[in-house]
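Fold and geometry: a report
Here are the chains, one letter per residue:
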Amino acid sequence: MSAAHPGDRPAPTGHPAEPDPASPAPPGGPERPEGEGVPDRGTWEPRPAARWEDAFLSGNGRHGVLVFGDPDDDRVVVTHHSLVRPNGSEHARPPELAERLAALQDRLLAGEAHAAEDFTDGRPLQWVQPFHPAFQVRSRRPPGPVGRYRRTVDFTTGVVEWVCGERHSRVFVSRADDMVVQYVTGPDLGFDLLLDPRLPGAPGGLRVGRGTVLTADGALLWLRVGYPDSDRAYTGTTLAVVTGGRTTPGLPGLRVEGADSVLLLTRVRRHTGELDVVAEARALRASLTGPGPGPGPGPAPGPGAAGHETGHEAVGRGTAVQEAAGHATAGQEAAGPDDRDVPAPVPGPAPGGVPGPAPGGVPGPAPGEVPGPAPGEVPGPAPGEVPTEALHARLLDRHLLLHRPAYGRVALTLAADEAERALPGSVLLGRPRSPALLERLFAAGRYHLLSAAGALPPRLTGLWTGDWDTAWSGAFTTDANLNLQTASAVAGALPEVVEAQAALVHGQLEHWRENARAVFGARGVVAPAHTDGESGYTYHFSREYPLHLWTAGADWLLKPLVDHDEARGEQDPRLTSALAEVAAFYEDFLTRTDEHGQVVVVPSYSPENAPANAGRGALDAAMDLSAARHALCTAAARRPGPDADRWLALAGRLPPHRVNGDGALAEWAWPGLDDTYEHRHLSHLYGVWPLDEITPYDTPYLAAAAHRALELRGSENDSAHGHLHHALVAARLRDGERVAHALGRVLGGDFFHDSLMSAHYPGRDVYNADAAHALPAVVIETLIQSTPDRLVLLPALPARFPAGELRGVRTRFGADVDLRWSRRGARAAIRPGRTCRVDLRTSSGARPLDLRAGEEHVLTLGTR
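Residues numbered from 1 in each chain as written. Predicted model: local features only at pLDDT ≥ 70, side-chain atom pairs only at ≥ 80, totals over all residues. Heavy atoms only, no water.

Glancing now at the overall build of the protein. Within the protein, the regular secondary structure consists of 16 helices and 28 strands. Accessible surface for the protein amounts to roughly 28,600 Å². Of this, 52% is attributable to carbon and sulfur atoms. (Helix = DSSP H or I, 4+ residues; strand = E, 2+ residues; numbered from the N terminus. Areas by Shrake-Rupley, 256 points an atom, 1.4 Å probe, with all protein chains shown as cover.)

See below:
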């Protein structure tokens, strides 16, 4: 994890004591429903979420939601990948240091161990634009009788539900229509509805404008939030379709009384200038009559992606009540660390509709500054009245056509106890050795990874946060975390995740070129170690963390894309071009040699570690050597010709890895640099995982040294990503019990919230998606590994999981594999998409395996 101060953790989020499974649920609620209404692939709780970290999640890779599920105060926090708060870094550029590079190289080669500490332009550490939530769609009603309660999330559908007596709410984020859909039903529904920007950590100076416009079948609500000292803003629009009862507009929302059902459709846009709210409403309305726009390809919208407001067209009739945006003055609306100032709903209509905001902090109205839709401008109902139940079903069906097949490609089943499978997640988390827990976390991690990846890959927090103050800016930390989160994308048959990472990479290549030029005076590309998804410039660095010296990043980030091409048997020309640019960088950068004529990577940085006897900017870090070799050879293989000959020759002049005096693969191959073993990162083992440079089959000596390095590695601050990175490397080295130990540190370390999203540290400290998203990759690697010409079955199965089935794993030679195992043996069904011969590795040894496209091949393995 990239951090300015590794010893300084963000403030703990805290967590209440786990409810005793034997204690009673809320009045009228069940102690346990004995599987009733519990999805086969999903999780459930008998109580609403008290903390946003425990809220159930849904997402489509652009929009996300956190659903609390409180029947009396139903909160759905809406997020969007594009929502990052301007903090000045949007104007930052890489440091101009190229003219000083040669002098630095001379000093490091001469033995000045700390010379790189001065290789900076003197700027302070600058964080990227922080990711933040948009608002919460809030439905409040006077407390009433409590019925039988349950909240669930179904991973196979992406639907989050709560049921309380006869009231029922269902929320999902549509992949087909790119919007949040909430459907609430029940007898005599009555509540106050508002788009509430008051969320923890909201900065002062936000400019807030909002309004409500009645339509013939409900209302339109809109909320516009402008960032302080910026022309950038975001706008949320919610179309409410109400069946039965009465709706009344007011400030700051809408009152619904005596309704049978309410369908809410919500979208968020980040933009400059003003957004045409009427056009947004028309688009939401159009989704009720036909397919919506879908998420579409490409990166999340950046600044200026939406245009200025261009006027309104009269498309319906309504009554408008609105506030305009302005700067905060005394007595205006507040966004504080919590929502205790939100007015409680009162029975019956209040004067002016919905009660207004409480005094204090988020900027409220300055009349006349921001125009909203006027009466007669908001679209009315679609032709022919369709019941909301049918509208909701239509929207859900379109969504499921995309979500369900993607999620269902791979599944894990272990020999778990059925009674444990039926437990609430909060209870199951207290049983870390239960196969049912690993089974559910595998399913949850796959669901959350798919849900977080689309316009961009998952952030440090996936796609979700309920707080504006996100640890490490809620960004993409690329020197470890991002690739750990997406590690299961290829083998787990989630091309959507790889394509999201490709969108990030290809959308930033121009910035990567500038990094190479400014810092190294080179052609080609250099990736940053930290990005907000908009900027790919290298500006997040300091003397203590010289992240601008990290040159392995481009190869590291492109490796999943290479694996994806291998699995599908096609080459993306964009990737071929990007690899050629990486090779061009190394041609310009690798110009210094040692006394043996081997090129030296100088300066060289191993994230985020330092030699015990030198500065962080050093020479010949193992990760840099592996990355340069891989990039040059891969680029040459994809683009034969004179360039390829030069690239292969340069790769051949790189020094070999070094084995230190402890028998371990050295983190720095340069002689005299001593290892620092107590560290959370395992960058020096890049050649083991995810590369295939070091394997027990091809390079047994180096594999043994890598295993020794793994044995000596400490966990430093107990970061979840460190434990699971350790497990991934151990699996490649065929050490199942080391995998089990690392996995046990996470499962038994209280790393998971009730939502089954994870934390960065033990004790549910700091909301972070690393463990949740990386865990499926660890499981897959223990069971099935592949290269373009090799299949390894059951390489590192922990003894604590003696039986199970994993189906649908995608190999890099283009076959799908189902594997069933027990103490008596194993059976693998291989379905190749192309004809090939691979090296089969099992506990019985090695043999060639001939596969013919379209013909299933079944292997029966003996007792392990």
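So, next bit.
This next bit is on the environment of Arg708. Here Arg708 shows up in helix α13 (residues 700–712). Arg708 sits in the partly exposed class, given a relative accessible area of 31%. Once the C-alpha coordinates of Arg708 and Gly663 are considered, the two residues, 45 residues apart in sequence, prove to be 6.5 Å apart. Those residues in contact with Arg708 that lie beyond four places of it in its chain are Asp662, Gly663 and Ala664. (Buried < 20%, exposed > 50% of the residue type's maximum accessible area, 1.4 Å probe, protein only. Contact = heavy atoms within 4.5 Å.)

Our focus in this paragraph is empty space enclosed by the protein. Under the defined criterion, the tally for this structure stands at 6 cavities of 30 Å³ or more. Its boundaries defined by the atoms lining it, the largest cavity holds a volume of some 320 Å³. As for the largest cavity, its lining consists of 23 residues, of which Ala487, Val490, Asp563, Arg732 and Glu781 are closest to the centre. Taken together, the elements giving at least two residues each to the lining of the largest cavity come down to α9 (553–568), α16 (770–783), β21 (784–787) and β23 (804–810). Among the residues making up the lining of the largest cavity, the classes are represented as 11 nonpolar, 6 polar and 6 charged. The wall of the second largest cavity is formed by 13 residues, among which Thr695, Tyr697, Arg732, Gln785 and Thr787 lie closest to the centre. Elements supplying a minimum of two residues to the lining of the second largest cavity: β21 and β22 (790–793). Tallying contributions element by element places β21 first for the lining of the second largest cavity, with 3 residues. Its residues placed into classes, the lining of the second largest cavity shows 6 nonpolar, 4 polar and 3 charged. (1 Å grid on protein atoms, 1.4 Å probe; cavity = no way out; pocket = protein on both sides within 12 Å on 5 of 7 lines; lining within 4 Å. Points joined across faces, edges and corners; volume = space filled by probe spheres on them. Nonpolar A, V, L, I, M, F, W, Y, C, P; charged D, E, K, R; others polar.)

As a further point, take the nonpolar core. Ranked by internal contacts, the top residues of the largest apolar core, which has 220 residues, are Tyr586, Leu806 and Trp821. Leaving out residues up to four positions away in the same chain, Tyr586 has contacts with Thr551, Ala552, Ala627, Ala628, Ala631, Leu632 and Leu650. (Core = buried A, V, L, I, M, F, W, Y, C linked by side-chain atoms within 4.5 Å.)

Turning our eyes to something else, we now look at the packing of aromatic side chains. The relation between two aromatic rings is expressed through the spacing of the ring centres and the mutual angle of the planes. Within the structure shown, the criterion is met by 10 aromatic pairs. Between the aromatic rings of Tyr227 and Tyr234, the centroid separation amounts to 5.9 Å while the plane-to-plane angle is 50°, which identifies the pairing as tilted. The exposure classification of Tyr227 matches that of Tyr234, with both residues buried. One aromatic cluster in this structure is built from Phe520, Phe585, Tyr586 and Phe589. Cation over ring: Arg151 sits above Phe56, and NZ or CZ is 4.3 Å from the ring centre. The ring of Tyr407 has Arg446 sitting right over it, with the charged end atom 5.9 Å from the ring centre. (Phe/Tyr/Trp six-rings, centres within 6.5 Å; stacked < 30°, edge-to-face > 60°. Lys NZ or Arg CZ within 6 Å of the ring centre and 35° of its normal.)

So, about the sheet that holds strand β26 (residues 836–842). The sheet built from 4 strands is open, its strands ordered β21-β22-β26-β27 with mixed pairing. In this open sheet, the two edge strands, each paired with only one partner strand, are β21 and β27 (845–851). Across the sheet, the mean angle separating the axes of adjacent strands is 20° when strand polarity is ignored. In this structure, β21 lies alongside β22, joined through 4 bridges in antiparallel fashion. Across the sheet, Ile784 pairs through a bridge with Leu793, a residue of β22. (Pairing = 2+ DSSP bridges. Axes fitted to C-alpha atoms, helices over the stretch in contact; angles between N-to-C directions.)

What you see with strand β1 (residues 42–45) is no split at all: Gly42 and Trp44 on one side and Thr43 and Glu45 on the other are buried throughout. Of the strand pairs in this sheet, β1 and strand β6 (residues 149–154) are connected by 4 bridges, and their pairing is antiparallel. Residue Gly42 lies in a different strand from β6, and its bridge partner there is Asp154.

The next thing to look at is the pattern of salt bridges. For the structure shown, the criterion picks out 62 salt bridges. Between Glu439 and Arg421 there is a salt bridge, and its shortest N-O distance comes to 2.6 Å. One end of the pair, Glu439, is in helix α6 (residues 435–452); the other, Arg421, is in helix α4 (residues 418–421), with 18 residues separating them in the sequence. For Arg421, a relative accessible area of 23% translates into the label partly exposed. Between Glu514 and Arg517 there is a salt bridge; the shortest N-O distance is 2.5 Å. Of this pair, Glu514 and Arg517 both sit in helix α8 (residues 495–520), 3 residues apart, which is roughly one turn of the helix. Residue classification places Glu514 among the partly exposed positions, given a relative accessible area of 25%. For Arg517, a relative accessible area of 37% puts it in the partly exposed group. Among the ionic contacts, a cluster of salt bridges with common partners joins Lys559, Asp563, Glu566, Asp692, Arg732, Glu781 and Arg812. (Salt bridge = Lys/Arg side-chain N within 4 Å of Asp/Glu carboxyl O.)

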